[in-house]
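# Observations on the three-dimensional arrangement
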Amino acid sequence: MAVRDFALLMAMCLIWAVNNIISKYVVSILDVPPLFYASGRFLIVAACLFPFLLPAPKPLWKLIVTAFLMGAGSFGLMFVGLRDATPSSAAVVLQMGMPATLVLSMLFLGERVRWRRGLGIALTFAGVLTVMWNPRGLALSNGLMLIAASTVLSAAGTVMTKQIEGIRPIAFQAWVGVSSLFPMAALSFWLEPHALDTAVAAGWRFWAALAFSALIVSLVAHTVYVTMLQKYEANLISALILVTPLATIVLGVVVLGDPIGPRLIIGSALALAGVLIIALRGSQVMSMLLAMRNRAE
């Protein structure tokens with residue numbers, strides 16, 4: 001990999017990691033309602049990418065459902081979960097996305113998983129459970145459960161993309177914005193009646209965070225990501241972007257004072273090792289998984 005491309009990829013990973021910290025800051029410290037925050041992000045994305053909506057592949061209903069799962073379903077749950085979860089622990093739980101996609105691919109696409117990738121799936125889930133565990137057992141009410149659920153919805157949407165032909169990544173991003181905007185805005189209007197007042201009270205910090213999330217993360221970083229996938233093997237890129245959760249953990253500890261202890265260290269090591277094994281072994285859905293990934297973190 002060229003030095004310039006490696007630097008761009010690392011910058012992209014850092015942007016994603018910084019966005020995780022900013023999202024936590026917005027929904028927890030500025031106390032901006034998370035559904036309103038997600039709605040604003042989708043509004044900007046939809047407005048910027050509206051010209052790329054057409055021509056839309058058929059069936060249109062499946063495209064809308066898929067875009068909703070990977071947009072409003074995934075991001076909505078993640079932002080709500082971040083209210084109670086630390087970015088460091090959330091970064092580990094988000095690694096469930098890749099093994100969850102493989103498991104669903106086994107069930108619905110006939111994906112065959114041999115023992116090495118099976119080991120990777122087991123290690124990833126073991127790492128996630130380690131982070132989510134507390135002395136009294138699983139914290140079912142914890143925000144991490146919502147973040148885990150967001151990875152399952154994203155995985156389901158990723159598997160559904162296998163049945164959609166002829167969709168360009170930028171067009172899919174446009175449909176994510178449009179398909180997610182209206183239901184997310186309606187939920188925010190219903191469940192967060194004073195959201196706009198709170199956002200206005202938060203001032204320029206909220207609007208700057210929203211612009212960064214929508215423009216720099218969703219548009220700029222995603223463009224870099226797709227460009228790298230077109231130039232290099234998906235397995236190499238998927239291994240290198242593990243810098244994102246590592247950077248998120250470091251930033252969470254340094255910037256927000258996230259607690260770090262044996263559970264987080266052991267869980268992170270297990271989960272990242274599992275994801276690395278899955279990535280390096282490759283699969284028939286790996287390129288599709290990476291090309292359609294818009295978690296951006």
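Refer to the structure printed above.
In this report, we go over the structure that sits alongside the text. (Residues numbered from 1 in each chain as written. Predicted model: local features only at pLDDT ≥ 70, side-chain atom pairs only at ≥ 80, totals over all residues. Heavy atoms only, no water.)

## Comments concerning the overall build of the chain
Keep this limit in mind: Helix and strand definitions here come from DSSP, where helices need a minimum of 4 consecutive H or I residues and strands a minimum of 2 consecutive E residues; each element is numbered from the N-terminal end. We call two residues in contact when some of their heavy atoms are within 4.5 Å. To be clear on the numbers: accessible area is Shrake-Rupley with a 1.4 Å probe, and residue cover counts the displayed protein chains and nothing else.
For the chain, the count of helices and strands is 14 helices and 2 strands. Intrachain contacts of the chain at a sequence separation of at least 6 include 90% that bridge at least 24 residues. On the chain, roughly 13100 Å² of surface is accessible, and the fraction owed to carbon and sulfur atoms is 71%.

## Some thoughts on the environment of Gly177
Our working rule: Only protein chains enter the accessibility calculation, which uses a 1.4 Å probe; a residue is then buried when its area is under 20% of its type maximum, exposed when over 50%, and partly exposed in between.
You can see Gly177 is positioned in helix α8 (residues 169–191). Since its relative accessible area comes to 0%, Gly177 is described here as buried. The spatial distance from the C-alpha of Gly177 to the C-alpha of Ile44 is 7.9 Å, given a sequence separation of 133 residues. Among residues more than four places away in sequence, those in contact with Gly177 are Phe42, Val45 and Ala46.

## Details of the layout of surface pockets
Heads up, the rule is: The rule is simple: put a 1 Å grid over the protein atoms alone, call a set of points where a 1.4 Å probe fits but cannot get out a cavity, call an open set with protein on both sides within 12 Å along at least five of seven lines a pocket, and count a residue as lining if it has an atom within 4 Å of a point. Grid points are joined across faces, edges and corners, and a volume is the space filled by probe spheres set on the points.
One number sums up the size of the second largest pocket: a volume of about 180 Å³. The wall of the second largest pocket is formed by 12 residues, among which Pro169, Ile170, His222, Thr223 and Val226 lie closest to the centre.

## Some details on the nonpolar core
Condition: Nonpolar cores were defined as sets of buried Ala, Val, Leu, Ile, Met, Phe, Trp, Tyr and Cys residues, with membership established by side-chain atoms within 4.5 Å.
Among the nonpolar cores identified, the biggest contains 53 residues, and Val26, Val32, Tyr37, Phe42, Val93, Ile147 and Phe206 are the most heavily contacted of them. The biggest single contributor to this core is helix α3 (residues 60–82), with 8 residues. Apart from the residues lying within four places of it in its own chain, the contact partners of Val32 are Val26, Val27, Tyr37, Arg83, Thr198, Ala199, Ala202 and Phe206. Ranked by size, the runner-up nonpolar core spans 12 residues in total, among them Cys13, Ala221, Met228 and Ile237.

## A closer look at the environment of Ala38
Among the structural elements, Ala38 can be located in helix α2 (residues 34–49). You can call Ala38 buried: its relative accessible area is 0%. Residues in contact with Ala38, not counting those within four places in the same chain, are Phe79 and Met184.

## What about the side chain of Ser89?
Selection rule: By the criterion applied in these results, polar contacts are pairs of N or O atoms within 3.5 Å in which, for protein atoms, one can donate a hydrogen and the other can accept it, and in which residues neighboring in sequence qualify only through two side-chain atoms.
Within the secondary structure layout, Ser89 lies in helix α4 (residues 87–93). Note on Ser89: relative accessible area 9%, which makes it buried. Polar contacts involving the side chain of Ser89 include one to the side chain of Thr86, which spans 2.7 Å. Apart from residues lying up to four places away in sequence, Ser89 is in contact with Val131, Leu144 and Leu264.

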